[in-house]
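Listed below, chain by chain, are the residues.
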Amino acid sequence: PPIPAPNGRNLGPAPTPETPPGHLPPLRVLGQAGASYIIAEGPQGVFLIDQHAAHERILLDQLLAGVAQAAPDSQLLLEPLVLDLTPPQAEAVEAASADLAALGFAIEPFGARAWTVKAVPAALARNGRVRSLGETIVTILEEAAQGGQGQNWIERLAGVTACHSAIRANQVLTLEEMRALIAQLERTTLPRTCAHGRPTMLHVNLGDLERQFGRHG
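Residues numbered from 1 in each chain as written. Predicted model: local features only at pLDDT ≥ 70, side-chain atom pairs only at ≥ 80, totals over all residues. Heavy atoms only, no water.

1. Considerations on the overall build of the chain
Part 1 of the argument: Per the secondary structure count, the chain includes eight helices and seven strands.
Part 2 of the argument: Put simply, the chain has 217 residues, and 43% of those count as buried.
Part 3 of the argument: In the chain, 68% of the contacts between residues at least 6 apart in sequence involve partners at least 24 apart. (Helix = DSSP H or I, 4+ residues; strand = E, 2+ residues; numbered from the N terminus. Buried < 20%, exposed > 50% of the residue type's maximum accessible area, 1.4 Å probe, protein only. Contact = heavy atoms within 4.5 Å.)

2. Overview of the sheet that holds strand β3 (residues 45–50)
Part 1 of the argument: As summarised here, the arrangement of the four strands in space is β1-β2-β3-β7, forming an open sheet in which the pairing is antiparallel. Sheet topology places β1 (28–33) and β7 (201–204) at the edges, where each strand pairs with a single neighbour. Neighbour to neighbour, the strand axes of the sheet diverge by 20 degrees on average, direction disregarded.
Part 2 of the argument: Those strands touched by helix α7 (residues 175–186) are β1, β2 (37–42), β3 and β7, and its axis lies near 120 degrees from that of β1. (Pairing = 2+ DSSP bridges. Axes fitted to C-alpha atoms, helices over the stretch in contact; angles between N-to-C directions.)

3. Focus: the nonpolar core
Buried together is how nonpolar side chains tend to be arranged in soluble globular proteins.
Part 1 of the argument: In this structure, L100, F105, I107 and I137 are the most contacted members of the largest nonpolar core, which totals 31 residues.
Part 2 of the argument: Elements with a minimum of two residues in this core: α1 (51–68), β4 (74–84), α2 (87–95), α3 (97–103), β6 (114–121), α4 (122–126), α5 (133–144) and α6 (150–165).
Part 3 of the argument: Here this core takes six residues from α6, the largest share from any one element.
Part 4 of the argument: Core analysis: the next-biggest nonpolar cluster, separate from the first, contains 16 residues, A40, I49, L173 and L185 among them. (Core = buried A, V, L, I, M, F, W, Y, C linked by side-chain atoms within 4.5 Å.)

4. Structural notes on α7
Part 1 of the argument: The end-to-end C-alpha separation of α7 is 17 Å, in line with the 16 Å expected for twelve residues at 1.5 Å each.
Part 2 of the argument: Within α7, nine of the twelve residues are buried, which leaves the element mostly enclosed by the surrounding structure.
Part 3 of the argument: Of the surrounding secondary structure, the elements contacted by the buried residues of α7 are β1, β2, β3, α1 and β7. (Expected span 1.5 Å × (residues − 1).)

5. Observations concerning the pattern of salt bridges
When charged atoms on two side chains of opposite charge get close, those side chains can pair.
Part 1 of the argument: The full count for this structure, using the stated rule, is six salt bridges.
Part 2 of the argument: A salt bridge links R211 to D208, with the nearest nitrogen and oxygen atoms 2.4 Å apart. With a gap of three residues between them, R211 and D208 both fall in helix α8 (residues 206–212), about one helical turn apart.
Part 3 of the argument: Residue D208 is classed as partly exposed on the basis of its relative accessible area of 30%. (Salt bridge = Lys/Arg side-chain N within 4 Å of Asp/Glu carboxyl O.)

6. So, the packing of α2 against α5
Part 1 of the argument: Where α2 meets α5, the axes come as close as 8 Å, and the angle between the chain directions of the two elements is 75 degrees. In terms of orientation, α2 lies roughly perpendicular with respect to α5. Between α2 and α5, the contacting residues are Q89, A92 and V93 on the first element and V138, L141, E142 and A144 on the second.
Part 2 of the argument: By residue class, the composition of the contact of α2 with α5 is five nonpolar, one polar and one charged. (Parallel < 35°, antiparallel > 145°, perpendicular 65-115°, else oblique. Nonpolar A, V, L, I, M, F, W, Y, C, P; charged D, E, K, R; others polar.)

7. As for α5
Three- or four-residue spacings in an α-helix give side chains the same orientation, since the helix completes a turn every 3.6 residues.
Part 1 of the argument: Compared with an ideal rise of 1.5 Å per residue, which puts twelve residues at 16 Å, α5 spans 17 Å between its outermost C-alpha atoms and is within 8% of the ideal.
Part 2 of the argument: Restricting attention to buried positions, one finds in α5 the residues G134, T136, I137, I140, L141, E143 and A144.

8. Some points on the packing of α1 against α7
Two packed helices can be described by the angle between their axes and the distance between those axes.
Part 1 of the argument: Where α1 meets α7, the closest approach of the two axes is 9 Å, and the angle between their N-to-C directions is 50 degrees. Here α1 lies oblique to α7, going by the angle between them. Two packed elements cross with a definite hand, and for α1 against α7 that hand is left-handed. Mapping the contact onto sequence places Q51, A54, H55, R57, I58 and Q62 in α1 and L181, Q184 and L185 in α7.
Part 2 of the argument: The class makeup of the residues in the contact of α1 with α7 is four nonpolar, four polar and one charged. (Left-handed = near helix turned anticlockwise from the far one by under 90°.)

By themselves these figures say nothing about function.
Dropping the structure here:
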C-alpha cells in the first residue's frame, strides 16, 4: 500500500551520541534485497530491515493507539462483505464484538449463520495486496475464537490484524516508500521487534565488516 513520504526529513547518517537502547540511529536507505529486506546505512554500520516485520510493528502501534484513544481508524467498505461463519466463529464475533469494534471492525449478524462486515481497520482496507479480505477476516476471527480478555487479549487481536494488513515479503517498494517506512518505524515504541516478538532488523557493525574483509590483522 502507498506509504506517505516524510516531508523534508534528512535520513542521512550524521555523528550522533550513542543510540539509546530500543531506539534507532539515523538511517540512510540504500536499497532493497530480495524484494523483502531494506538495506540501510547508519553511523553504527549496516542494517537489514525486514519490511513486513517493520510495517507490522508500525501498524500494531497505530491500532493500539486507536484503542487507547477510543478512536479507531476505521474504513467503511463500498460493498458490505457477507461471511458464512462456523458456530465457533460466530460465537467468537459475539464475545469479542467490543474488542473488534475498538480495532475498527463493524460486523453485524445477517441471517441464521451469515454475518456482514461493513467496516474494517483502515490499514487492512488499504492493503490491496491482501489475497482475500474475507479470508483475512476469518483468520482474525479464528484467533478471536480462542478466547481471552483484557489488554493482552486485545493486543493479540491487534497483532493478528497488523500482520495481515502489513506489506508482504516479495513486494517491491520504491525508494520513497522505503524511506517513509523507516521514518515511521523510528517513531514506534519498540522498533526492533514485530508484533510477534521477532526482530525487525539485523545489524552488522563496521568492525565486523572490516574483520570479514580482512582489514584487521
